Amino acid sequence: MDWQSQAMDAPKSSLLPFGNGRSYGDSCHNDKGVLLDNRGSARVLSFDSTKGEIYCESGILLSEILRHVLPEGWFLPVTPGTQFVTLGGAIANDVHGKNHHRAGTFGRHVQSFELIRSNRGARICSPTKNAELFNATIGGLGLTGNITRATIQLMKIASADINQYSVKFDRLQDYFSLAGEADRTNEYSVAWIDSLARGKNLGRGLLLNGNHADNGNFQYNSAKARLSVPFTPPFSLINGLALKTFNQLYYHKQQKREARSRVAYGGYFYPLDGIRHWNRLYGPKGLFQHQSVVPVDNAESIVARLIETTQNAGHGSFLTVLKRFGDVPSPGFMSFPREGFTLTLDFPNSGNKTLALLDRLDEITIQAGGAINPYKDARMSADAFKASFPQWKKLEELRDPVIMSDFWRRVAS
Ligand SMILES: Cc1cc2nc3c(=O)[nH]c(=O)nc-3n(C[C@H](O)[C@H](O)[C@H](O)COP(=O)(O)OP(=O)(O)OC[C@H]3O[C@@H](n4cnc5c(N)ncnc54)[C@H](O)[C@@H]3O)c2cc1C
């Protein structure tokens, strides 16, 4: 059934566009209504391999776009840490990648899209046509209508391979001295942090810089996972021992201060895609991710406080990532990225203990003038959301009246 028929059929219920469910929280859930599955519409409608413009249906995965365009020397202008997200989901969450400091968010590279609204029908939106809806839909959490097709501008590359330049640092302070220069000289840059290191080694880690190589390799890497977690164990395997072992091994795997290597793009951008059902490792209760962004001025002390707070709660984060967001503005007025430093923490769900820690992390972030990522969230309070996005009422005004998500029900009422 198409979108408008569903809207007509379900006037008393609510609808929510759905991509591939790769958001960590409840922004892609609608327990009291119906999900509108877009994966069935995933065709490439046209591709101009001279200009690098691709026009696709919104249910196409980023991996499927790559398979189509890579052999012609084009790459995604911005890519998140998984290639299994749809074009529609990437626009609706205005996703960011390791090149935010240069390229900004995904939404910057969207030329136009078709948006279908229950009350206004189909319309083409671009920076010059229906611009208000264009700016509300990019980062609009799926609430403004269903994106059916979109055109994006790709990035020309000299190779899909990545020249990786990795720098080991012993403490958070050193990361902050390295990050600015790393962004100036590299297309991609992100730091992995050993979340368990304390004292003078607090915030130690590896700064993983990358640039496309120039060896003319345009081979598409199969997106098929090589490993799989075949079932959900009855308890989380991400326990204290696993955390300690992983963090120690990862930090010490690089012996020298600096290391250079050429790596395949799949391993550099999408390490978790290599393990099918990796989330099962967290056991039946799953995981929470917490992503904050804090302003540049006090970032060093706030990031240190956030990490120390997790340690003091006896709740180490398994995968901890730190990145500088640049000042390239997004067209989306609800977009999460803003200039500053963004810290991402992953926690196995241990019930109230984890929820109390997450509230504390929200509090520190908000007090510092920062924001919490809505599409990685399943529990933040309405107050924390409204402090993160004081402009939220504008999105509520432009929301399609039949669209609702569990997230929006929770934070915007
Ligand atoms: C391993 C992993 C790594 C990740 N790394 C990053 C990262 O580095 N950076 C980052 O920004 N994010 C990252 N994410 C999050 C992920 O990129 C986003 O949540 C993405 O938007 C999910 O897309 P999806 O297609 O699965 O959409 P869903 O999760 O299904 O939906 C996401 C939102 O988009 C809306 N939506 C979906 N399709 C449409 C449509 N056709 N029209 C209108 N609205 C629509 C939904 O209503 C929902 O609000 C990561 C996720 C995982 C699992």
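Thresholds, definitions, all that
Residues numbered from 1 in each chain as written. Predicted model: local features only at pLDDT ≥ 70, side-chain atom pairs only at ≥ 80, totals over all residues. Heavy atoms only, no water. Axes fitted to C-alpha atoms, helices over the stretch in contact; angles between N-to-C directions. Helix = DSSP H or I, 4+ residues; strand = E, 2+ residues; numbered from the N terminus. Parallel < 35°, antiparallel > 145°, perpendicular 65-115°, else oblique. Left-handed = near helix turned anticlockwise from the far one by under 90°. Contact = heavy atoms within 4.5 Å. Nonpolar A, V, L, I, M, F, W, Y, C, P; charged D, E, K, R; others polar. 1 Å grid on protein atoms, 1.4 Å probe; cavity = no way out; pocket = protein on both sides within 12 Å on 5 of 7 lines; lining within 4 Å. Points joined across faces, edges and corners; volume = space filled by probe spheres on them. Domains from an automatic or database assignment. Polar contact = N/O pair within 3.5 Å; in protein donor to acceptor, adjacent residues only side chain to side chain. Pairing = 2+ DSSP bridges. Buried area = accessible area lost by both parts, 1.4 Å probe. Salt bridge = Lys/Arg side-chain N within 4 Å of Asp/Glu carboxyl O.

1. Side note on the packing of helix H6 (residues 172-185) against helix H9 (residues 299-312)
Put simply, H6 and H9 touch, their axes get as near as 10 Å, and they point 140 degrees apart. What the angle tells us is that H6 and H9 run oblique. The chirality of how H6 crosses H9 is right-handed. Seen from H6, the contacting residues are Leu 172, Gln 173 and Phe 176; seen from H9, they are Ala 299, Glu 300, Val 303 and Ala 304. Partitioned by chemical class, the residues of the contact of H6 with H9 number 5 nonpolar, 1 polar and 1 charged.

2. Some thoughts on empty space enclosed by the protein
What the rule picks out here adds up to 1 cavity of 30 Å³ or more. Roughly 30 Å³ of volume is contained in the largest cavity. Looking at the lining of the largest cavity residue by residue, the classes come out as 5 nonpolar, 3 polar and 1 charged. Of the domains in this structure, domain 1 (10-157) and domain 2 (162-388) are the two that each give at least three residues to the lining of the largest cavity.

3. Overview of the side chain of Asn 373
Within the fold, Asn 373 resides in the loop between strand E19 (371-372) and helix H11 (382-388). Within the structure, the side chain of Asn 373 is placed 2.8 Å from the side chain of Gln 291, a separation counted as a polar contact. Aside from chain neighbours lying at most four places away, what touches Asn 373 is His 96, Gln 291, Phe 336 and Met 380.

4. What about the sheet that holds strand E3 (residues 44-48)?
The strand order across the open sheet built from 5 strands is E3-E4-E8-E6-E7, with neighbouring strands paired in antiparallel fashion. Both edges of this open sheet fall to E3 and strand E7 (121-125), since each of them pairs with a single strand only. Strand-to-strand twist of the sheet, defined as the mean angle between neighbouring strand axes without regard to direction, takes the value 10 degrees. Taken together, the 5 bridges between strand E6 (residues 110-117) and E7 define a ladder with antiparallel strand orientation. Residue Phe 113 lies in a different strand from E7, and its bridge partner there is Cys 125.

5. Focus: unusual backbone geometry
Within the chain, Asp 94 stands out as a residue other than glycine whose phi angle is a positive 45 degrees. With respect to the helices and strands, the residue Asp 94 is situated in the loop between helix H3 (87-92) and helix H4 (100-103). Here the phi dihedral of Asn 130 falls at roughly 50 degrees; this positive angle occurs in a residue that is not glycine. Relative to the assigned elements, Asn 130 resides in the loop between E7 and helix H5 (131-137).

6. As for the sheet that holds strand E17 (residues 321-325)
Taken in spatial order, the 8 strands of this open sheet run E14-E10-E12-E11-E17-E18-E16-E19, and their pairing is antiparallel. The two strands at the open ends of the sheet, each matched to only one other strand, are strand E14 (258-263) and E19. Across the face of the sheet, helix H7 (residues 240-252) comes into contact with strand E10 (162-169), strand E11 (188-193) and strand E12 (205-212) while running at roughly 135 degrees to E11. Sitting on the sheet, H9 is in contact with E11, strand E16 (287-294), E17 and strand E18 (340-348), with an inclination near 5 degrees to E18.

7. Observations regarding the domain arrangement of the protein
By the assigned domains, the protein splits into domain 1 (10-157) and domain 2 (162-388). The straight-line distance from the C-alpha centre of domain 1 to that of domain 2 is 24 Å. Residue-level contacts link 42 residues of domain 1 with 42 residues of domain 2. Here domain 1 meets domain 2 over a buried area of about 3800 Å², counting both sides, of which 62% is carbon and sulfur. When the area that domain 1 buries against domain 2 is broken down by residue, the three leading residues are Tyr 24, Lys 98 and His 101, summing to 23%. Summed over the shared surface of domain 1 and domain 2, the number is 1 salt bridge. Residue Arg 102 pairs with Glu 187 through a salt bridge whose shortest N-O separation is 3.5 Å. When residues of the side of domain 1 that touches domain 2 are traced back to their parent elements, those giving at least two are helix H2 (62-69), H4 and H5.

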